[in-house]
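# Descriptive analysis of the structure
Take a look at the letters that make up each chain.
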Amino acid sequence: MRAAAFRGWADRAFRRAMEANIENIIGLLEPSSAETALLDLGCDDGALTARFGSAVGTENLHGIEIVEERARLASARGVKVVTHDLKESLPYEDASFAVVCSNQVIEHLPDTDRFVAETFRVLRPGGYTIASTENLASWHNVAALVLGWQPFSLSNVSMKLSGVGNPLAVHRETPHLFSSWEHMRVFAYRGLKELYSAHGFLVETIVGAGYFPLPAVVGHKEPRHAALLTVKARRP
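Here the structure is a predicted model, which means the values were calculated and not measured. (Residues numbered from 1 in each chain as written. Predicted model: local features only at pLDDT ≥ 70, side-chain atom pairs only at ≥ 80, totals over all residues. Heavy atoms only, no water.)

## Examining the overall build of the chain
Inclusion rule: The way it works is that DSSP assigns letters per residue, a run of H or I at least four long becomes a helix, a run of E at least two long becomes a strand, and they are numbered from the N terminus. Atoms counted for the radius of gyration: C-alpha only. Globule rule: 2.2 Å times the number of residues to the power 0.38. Relative accessibility decides the category of a residue: with a 1.4 Å probe and only protein chains considered, values under 20% of the type maximum give buried, values over 50% give exposed, and everything between is partly exposed. In this analysis, two residues are considered to be in contact whenever any of their non-hydrogen atoms come within 4.5 Å of each other. Here, Shrake-Rupley sampling with a 1.4 Å probe gives the accessible areas, and only protein chains in the shown set may cover a residue. Charge counting follows a simple rule: Lys and Arg are positive, Asp and Glu are negative, and His as well as the terminal groups are ignored. Charged side chains are reduced to one point each, which is NZ for Lys, CZ for Arg, CG for Asp and CD for Glu.
When helices and strands are tallied, the chain shows seven helices and seven strands. Along the chain, helices (α) and strands (β) appear in the sequence α-β-α-β-α-β-β-α-β-α-α-β-α-β when read from the amino end. Against the 2.2 N^0.38 benchmark of 18 Å for 236 residues, the chain shows a C-alpha radius of gyration of 17 Å, consistent with a compact globule. Overall, the C-alpha framework of the chain stretches about 55 × 35 × 30 Å when taken along its three principal axes. Relative to its full complement of 236 residues, the chain shows a buried share of 49%. Here the contacts in the chain between residues at least 6 apart in sequence split such that 66% fall between residues at least 24 apart. As presented, the chain carries roughly 11100 Å² of accessible surface, and 56% of it is formed by carbon and sulfur atoms. For the chain, the separation between the mean place of its 24 positive charges and that of its 26 negative charges on side chains is 6 Å.

## Comments concerning the packing of aromatic side chains
What counts, and what does not: We call Phe, Tyr and Trp rings a pair once their centres come within 6.5 Å, taking the six-membered ring for Trp, and we label the pair stacked below 30 degrees between planes, edge-to-face above 60, and tilted otherwise.
Under the defined criterion, the tally for this structure stands at three aromatic pairs. Seen in terms of ring centroids, Tyr92 and Phe97 are 4.9 Å apart; in terms of plane orientation they differ by 90°. Their pairing is edge-to-face. In this pair, the class of Tyr92 matches that of Phe97, namely buried. Judged by centre distance (5.1 Å) and plane angle (85°), the ring pair of Phe120 and Phe201 falls under edge-to-face.

## Description of the pairing of strand E7 (residues 228–234)
Formally: For two strands to be treated as a pair, DSSP must find at least two bridges joining them.
In terms of burial, E7 is largely enclosed, as seven of its seven residues are buried. The side-chain alternation of E7 yields two buried faces, one formed by Leu228, Thr230, Lys232 and Arg234 and the other by Leu229, Val231 and Ala233. Judged from the seven bridges that link them, strand E5 (residues 123–134) and E7 form a sheet pairing that is antiparallel. Within E7, the position partnered with Ile130 by the bridge is Lys232. The sheet contact formed by strand E6 (residues 202–209) and E7 spans seven bridges and is antiparallel. Bridge pairing in E7 links Thr205 to Lys232.

## Let's talk about the sheet that holds E5
Quick note on the threshold: Lines fitted to the C-alpha atoms define the axes, with helices restricted to the stretch that makes contact. Angles between their N-to-C directions range from 0 to 180 degrees.
Read from one edge to the other, the open sheet built from seven strands follows the order E3-E2-E1-E4-E5-E7-E6, with strand pairing classed as mixed. Each edge of the open sheet is held by one strand with a lone partner, namely strand E3 (80–83) and E6. Here the average twist between neighbouring strands, direction ignored, is 15°. Alignment of strand E2 (residues 61–65) against E3, held across four bridges, turns out to be parallel. Each bridged residue has a counterpart across the sheet, and for His62 the counterpart in E3 is Lys80. Packing of helix H2 (residues 47–56) onto the sheet brings it into contact with strand E1 (38–41), E2, strand E4 (97–103) and E5, and relative to E1 it is tilted by some 150°. Contacting E2 and E3, helix H3 (residues 68–76) runs over the sheet at an angle of about 170° to E3.

## Regarding helix H5 (residues 139–146)
Condition: Arc definition: directions from the helix axis to the C-beta atoms.
Every buried residue of H5 is listed here: His140, Asn141 and Ala144. When H5 is viewed along its axis, its buried side chains cluster within an angular range of 100° and face the same direction. Among the residues trailing H5, Gly148 stands out with phi positive, at a value near 80°.

## As for the side chain of His62
For His62, the position within the fold is in strand E2. Take His62: its relative accessible area is 15%, and that puts it in the buried class. When residues no more than four places from it in sequence are discounted, the contact partners of His62 are Leu38, Leu39, Asp40, Thr49, Val79, Lys80, Tyr92 and Phe97.

## Side note on the environment of Pro215
Within the fold, Pro215 resides in the loop between E6 and helix H7 (218–221). Take Pro215: its relative accessible area is 53%, and that puts it in the exposed class. Separated by 88 residues in sequence, Pro215 and Gly127 place their C-alpha atoms 33 Å apart.

None of the figures reported here should be taken as evidence of function without further support.
Structure follows, in structure tokens:
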């Protein structure tokens, strides 16, 4: 019962952190024109893509989504979707977009160099990317490691058992629907910054969301141990 009660509290806290994370992304987007080309990598059903487009002020929305039924939903929302695996090169010409967003995608990919390099390639000079991900150095991940457990952010690594190696994982009793939901690589603040810099980006800021057990907004002020990280980086 104690574990179940904790997971209930953690689920609510994580949802608040997730919404704070979306607010961080929207706050970093720059208002522009209706013609501004925006690409959402891992656009899911397009609901967030539409919110990102509204923040920019554009209707020129594009998305990549690997799950066909989710891609169809995004297309119905007006997103120009390509069903594609982000492990491969992006199906766009060089310098096609002014903005590239990705919300909690990079941790699902085996080749993060390709992902960041392809993001750089399809951005126009002066364009920018905003990418969010879970933080390996968040306090709840640190605490799990101290206990000898799998960190929360790396407990969804099996289709056989959700929350493997962590008895308090929020989704421990909920099976994964898609293998693409599994985590492969999780970054901390410095690692995320250095990865984007290594690929030629100018990292402008990294902000956080969630700071368990404190209120989610604390993570914005102290991102290094926040639950989620969002990087904004620009192509020179």
